[in-house]
Amino acid sequence: MQPQSSPAPAMSTVRVVRNLVVLLVALAFVAAACGSDDEEASNVATSECGTDSSFDEATEPVTDLSVAIVAPSASQDLAFTQSMVDAVAALGIEPQITDGTFQVEAAAEAIRGYADSGVDVVIAHGTQFGGSLAEIAPDFPETSFVWGTSSETQGLDNVFAYTPAADQGGYVMGTVAAAISESGTIGMVGPIDAGDAALYVDGFVAGAESAGANVNVSFTGSFGDVPLATEAATAHVGAGADVLTGTAQHVVGAINVASANDIPWFGTQANQESLAPELVVASQVYHWEVVLADIFDQVEAGTLGGEVYELTLENNGLVIEFNGCYELAEDVKNGALETIDGIIDGSISTGA
Amino acid sequence: MSDFFTLSVLVATFASGVRLATPYLLAGLGETVGQRSGVLNLGVDGVMLLSAFGAYWTSLETGSLLLGVGAGLLVGLVMGVVYGIITVIFQAEQGISGIGIYLFGLGFSDLLFEEMVGTPTPIKSLPKYSIPGLSRLPILGEALFEHNLMTYAAFLLVPLVALLLMKTTFGMNVRAVGENPEAADSLGVSVGLTRFAAIMVGNGMAGLAGAALTLGLGIFQPNLTQGLGFIAVALVYFGAWRARGVMLGALLYGIVAAVVLQLKARELIPLEASDLAAMAPAVLTIVALVVVAGRIEAPAALTNPFSRH
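Residues numbered from 1 in each chain as written. Chains lettered and ligands numbered in written order. Predicted model: local features only at pLDDT ≥ 70, side-chain atom pairs only at ≥ 80, totals over all residues. Heavy atoms only, no water.

1. What about the interface of chain A and chain B?
It is common to give the size of an interface as the accessible area that goes away when the parts come together.
Inference 1: The interface is formed by 37 residues belonging to chain A together with 28 residues belonging to chain B.
Inference 2: Summed over both partners, the interface of chain A with chain B buries about 2,700 Å², with 55% contributed by carbon and sulfur atoms.
Inference 3: Together, Gln76(A), Phe219(A) and Glu231(A) form the three largest contributors to the area buried by chain A at its contact with chain B, with a combined 20%.
Inference 4: The salt bridge involving Arg19(B) is made with Glu231(A); its shortest N-O contact spans 2.8 Å.
Inference 5: Where chain A packs against chain B, one counts 10 residue pairs in polar contact (both at pLDDT 80 or more).
Inference 6: It is helix α7 (residues 226-238) of chain A that contributes the most residues to the side of chain A that touches chain B, 10 residues altogether.
Inference 7: By residue class, the composition of the side of chain A that touches chain B is 16 nonpolar, 16 polar and 5 charged. (Contact = heavy atoms within 4.5 Å. Buried area = accessible area lost by both parts, 1.4 Å probe. Salt bridge = Lys/Arg side-chain N within 4 Å of Asp/Glu carboxyl O. Polar contact = N/O pair within 3.5 Å; in protein donor to acceptor, adjacent residues only side chain to side chain. Helix = DSSP H or I, 4+ residues; strand = E, 2+ residues; numbered from the N terminus. Nonpolar A, V, L, I, M, F, W, Y, C, P; charged D, E, K, R; others polar.)

Structural data, given as structure tokens:
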């Protein structure tokens, strides 16, 4: 009988290796847990003072699909349009862009033109383009249209819709604004009471009021009227506001008023630090790439539409970007992080 | 409502209205001169956009607001030469030509901005200049005499344009070629030259309006005017082709807009009615235009090209 080798040494080696693996995994968890105090969640970011906080462009495109964007304002408006252009760039895609189409008729021609020329995905970046899209999309069943901000696809199989839960970031920043306001009065400049602007306003007002401040809101009736937004902000300052915020492309004028009066500013849609590096406290930034990546996957798989996507703090489509140049008290910032957690777990309602 | 009817708020509202009225007034005065000569320019908004970009970019690059104003004026004059060649020399239809100029200005200023600047970048804005003595007057001081130099220039141009039109040989020629170019021509007035000169004055002032707008705000972005130039053209009709009337129209438009903004800032307009209230300046101007429309007469030869043959 051939003596069998004893398994004991082999078993012992396996046990040692297994124990080492368990130990390493445990250490990794401990290290991760310890590190979590210092690292921010991906729905929060803090820029390094003096650096460009714009999006990083991916080096490799996530898709071979051809993409076009039709948007109402300039590609670098530091607001609505730029948020989409940056998001597509973040996915490594070089889209065709028709911007500055404040006139819906011009946008409709551009949308139809891109579809007619065989572009795979046409992004109609503006709520106001919905009526045109309802006429155009059925004519191009092989083209995928991506439209927002909207919470419905109008029943069209080749239309994806997207909308930001702008009230969420608005609520967070409202609480921060209330915490730094000494007068308890905050001025807000908006375009019209609709779409993501209305959501941002509602969320911001609810957040500020929950923290004991009052928000005076002025809708100018226009997305691009800079002189009117400037005078609206001036009127708010005259009415006692010591913190300002606003939404849409016209806020560049209001931010200048904040600068002239040394008043903190809260931005939304895109990072607005470059307009007032010392005074922009934080910006709620739309990271559309979160939903676009999934949409492109679906299009490649043959599904051209029929679904609505939402940017939220939970899916990191909304990111609160704090300005590293603005000295925000640590307890206020921690309060904002707790508010974000509360919105995500449902314990805080934005009221929208 | 008592929050609104305090002296400080009313003064701030009037001052805000004056600031808002400034670009309308400058553009409207220039258009008045052009229309009195019989030339309608619907391209004012486009000229303003190009001039605003020229003024902004020059100030951004040089840091000089004065050079910015000069650049705005220069761009306006260049566009005046273009419009003069189109409408006086080639006698193109004025309405269509004006729209063409507007679309060119809208698109080209956008292109230049994207290529030469890219992202809205703040520049130093025109500083307020308190007029010694007058700025200390109770109520009126803050409302009227604490503005930037372009605002003062705009209101000083009101009597100057009135004098130019009513008391100078050039003004008489302008009115003559706008009412009856054939008669003016028979008396030896060069209709073409007079209209060309009036167009240059009008476009130059549109250029100043663009400069006042962008340098007053300290920023530029595509389509900055948002159709402001078209309202300026409407104000010429509102003002019955008179400098004083244009000033009243511009002030009415600006002050109504300022009142609405002040009421909103003090929560005296419900949020639900906010969008509706934003239309108030335009609605009021239209109503006023309708009321006065029957009592005014446009220059008889307005939009009519002139040819001896």
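2. Some details on helix α9 (residues 191-217) of chain B
Residue and element names in this part refer to chain B.
Inference 1: The terminal C-alpha atoms of α9 lie 39 Å apart, and with 27 residues this matches the ideal 39 Å at 1.5 Å per residue to within 8%.
Inference 2: Along α9, 22 of the 27 residues are buried, which leaves the element largely enclosed by surrounding structure.
Inference 3: The positive-phi residue at the C-terminal boundary of α9 is glycine 218, with phi of around 75°. (Expected span 1.5 Å × (residues − 1). Buried < 20%, exposed > 50% of the residue type's maximum accessible area, 1.4 Å probe, protein only.)

3. Brief notes about the sheet that holds strand β5 (residues 144-148) of chain A
Residue and element names in this part refer to chain A.
Inference 1: Spatial ordering of the open sheet is given by β3-β2-β4-β5-β6-β12, a layout of 6 strands whose pairing is parallel. Across the chains shown, the open sheet's two edge strands, defined by having one partner strand only, are β3 (96-98) and β12 (308-311). Mean inter-strand twist for the sheet, computed between neighbouring axes without regard to direction, equals 20°.
Inference 2: Sheet analysis places strand β2 (residues 67-70) next to β3, joined by 3 bridges and oriented parallel. Residue pairing in the sheet places isoleucine 69 in a bridge with isoleucine 97 of β3. (Pairing = 2+ DSSP bridges. Axes fitted to C-alpha atoms, helices over the stretch in contact; angles between N-to-C directions.)

4. Observations regarding the pattern of salt bridges
Pairing between side chains of opposite charge can happen when the charged atoms of each approach one another.
All names here are of chain A.
Inference 1: Counted under the stated rule, the structure contains 2 salt bridges over all chains.
Inference 2: Across the pair arginine 112 and aspartate 139 runs a salt bridge whose closest N-O atoms are separated by 3.2 Å. Of this pair, arginine 112 sits in helix α3 (residues 104-116) while aspartate 139 sits in the loop between α4 (130-136) and β5, and the two are 27 residues apart along the sequence.
Inference 3: The exposure class of arginine 112 is partly exposed, given its relative accessible area of 29%.
Inference 4: For aspartate 139, a relative accessible area of 46% puts it in the partly exposed group.

5. So, unusual backbone geometry
In terms of backbone geometry, most residues other than glycine have negative phi values and most peptide bonds are trans.
Inference 1: The linkage connecting Gly148(A) with the following residue, Thr149(A), adopts the cis geometry, with an omega of 5°.
Inference 2: Here Thr149(A) shows up in the loop between β5 and β6 (159-164).
Inference 3: Even without being a glycine, Gln269(A) presents a positive backbone phi close to 80°.
Inference 4: Within the fold, Gln269(A) resides in strand β10 (residues 265-269).
Inference 5: The exposure class of Gln269(A) is buried, given its relative accessible area of 3%.
Inference 6: In the Ramachandran plot, Ile139(B) falls in the positive-phi region, its phi being about 65° despite a non-glycine side chain.
Inference 7: Residue placement: Ile139(B) occurs in the loop between β1 (129-130) and α5 (140-144).

6. Some thoughts on the nonpolar core
Inference 1: Membership of the largest hydrophobic core comes to 90 residues, with the highest contact counts inside it found for Trp265(A), Leu25(B), Leu215(B) and Leu224(B).
Inference 2: For this core, the element with the highest residue contribution is α9(B), accounting for 13 residues.
Inference 3: Apart from the residues lying within four places of it in its own chain, the contact partners of Leu224(B) are Gly224(A), Val226(A), Pro227(A), Leu49(B), Ala52(B), Leu213(B), Thr214(B), Leu217(B) and Ile219(B).
Inference 4: Grouped together as the second largest cluster of nonpolar side chains are 59 residues, Ala166(A), Val172(A), Ala208(A) and Ala282(A) included. (Core = buried A, V, L, I, M, F, W, Y, C linked by side-chain atoms within 4.5 Å.)

7. Overview of the domain arrangement of chain A
Residue and element names in this part refer to chain A.
Inference 1: Taken domain by domain, chain A holds domain 1 (67-165 + 287-311) and domain 2 (166-286 + 318-345).
Inference 2: The partner domain 2 presents 22 residues to the 13 residues of domain 1 that form the contact.
Inference 3: Taken together, the two surfaces of domain 1 and domain 2 that pack against each other cover about 1,400 Å², and 64% of this comes from carbon and sulfur.
Inference 4: When the buried area of domain 1 at its contact with domain 2 is split by residue, Leu78, Ala165 and His287 rank highest and sum to 45% of it.
Inference 5: Connecting domain 1 to domain 2 are 0 salt bridges.
Inference 6: For the interface between domain 1 and domain 2, the tally reads 9 residue pairs in polar contact (both at pLDDT 80 or more).
Inference 7: Partitioned by chemical class, the residues of the side of domain 1 that touches domain 2 number 8 nonpolar, 4 polar and 1 charged. (Domains from an automatic or database assignment.)

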